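Each chain is listed here by its residues.
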Amino acid sequence: MFTRQIIKEDYSELCKWWKAWGWQYPIPLDMLSNEGIMVREDEVNICAGFLYLMTNAPIAWFTFPVSNRVIRGDLRKSAMNLLVETISKQAEELGAKY
């Protein structure tokens, strides 16, 4: 498994995932942070999430996590763990303490 930055072309897939998990509406594209991480294995996207940083305090939020519902549970769980580790490291590198 590996991670990469989310790109604009990922948005339609993210919308399908949110819908598959029962979200009534997808998060609007212009509301999503540029600090998004996608976890992949081979050529398959598994899960994603977004990092938001405060501009006036060393605080970061990890939010809007979503995963490919057709991926088996153990692989999805490992991918989500990698996502949290990666986004936490990214937040720290960008100056967040909390």
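In this text the structure is predicted, and so the values were computed from the model without any measurement. (Residues numbered from 1 in each chain as written. Predicted model: local features only at pLDDT ≥ 70, side-chain atom pairs only at ≥ 80, totals over all residues. Heavy atoms only, no water.)

1. Focus: the overall build of the protein
Okay, step 1: For the protein, the helix and strand inventory stands at two helices and four strands.
Okay, step 2: Counting helices and strands in the order they occur from the N terminus, the protein gives β-α-β-β-β-α.
Okay, step 3: For a compact globule of 98 residues, the expected C-alpha radius of gyration is about 13 Å, and the protein comes in at 13 Å, within 12% of that figure.
Okay, step 4: Dimensions of the protein, computed from C-alpha atoms along their principal axes, come out at roughly 40 × 25 × 20 Å.
Okay, step 5: Within the protein, the proportion of its 98 residues that are buried is 38%.
Okay, step 6: Contacts in the protein between residues at least 24 apart in sequence constitute 60% of all its contacts with a sequence separation of at least 6.
Okay, step 7: Working note: accessible area of the protein is about 6,300 Å², and carbon and sulfur atoms make up 54% of it.
Okay, step 8: Once the 11 positive and 12 negative side-chain charges of the protein are each reduced to a mean point, those two points are 6 Å apart. (Helix = DSSP H or I, 4+ residues; strand = E, 2+ residues; numbered from the N terminus. Rg over C-alpha atoms; globule rule 2.2 N^0.38 Å. Buried < 20%, exposed > 50% of the residue type's maximum accessible area, 1.4 Å probe, protein only. Contact = heavy atoms within 4.5 Å. Areas by Shrake-Rupley, 256 points an atom, 1.4 Å probe, with all protein chains shown as cover. Lys, Arg positive; Asp, Glu negative; His and termini not counted. Charge placed at Lys NZ, Arg CZ, Asp CG, Glu CD.)

2. A word on the sheet that holds strand β4 (residues 60-67)
Okay, step 1: Strands sit in the order β1-β2-β3-β4 across an open sheet of four strands; the sheet is antiparallel. Among the strands making up the open sheet, the edge pair consists of β1 (2-5) and β4. Pairs of neighbouring strands in the sheet enclose a mean axial angle of 25 degrees, with direction left out of account.
Okay, step 2: The sheet contact formed by strand β3 (residues 44-53) and β4 spans six bridges and is antiparallel. Looking at the pairing, L51 lines up with F62 of β4.
Okay, step 3: Contacting β2 (35-41), β3 and β4, helix α1 (residues 11-20) runs over the sheet at an angle of about 95 degrees to β3.
Okay, step 4: Its contacts with the sheet put helix α2 (residues 73-93) on β1, β2, β3 and β4, and the angle it makes with β3 is roughly 30 degrees. (Pairing = 2+ DSSP bridges. Axes fitted to C-alpha atoms, helices over the stretch in contact; angles between N-to-C directions.)

3. Quick notes on the environment of L82
Okay, step 1: Looking at where L82 falls in the secondary structure, it is placed in helix α2.
Okay, step 2: What makes L82 partly exposed here is its relative accessible area of 22%.
Okay, step 3: Put simply, L82 and F2 are 80 residues apart on the chain and 8.3 Å apart in space, counted from C-alpha to C-alpha.
Okay, step 4: Setting aside anything within four residues of it in sequence, one finds L82 in contact with M1, F2, T3 and V39.

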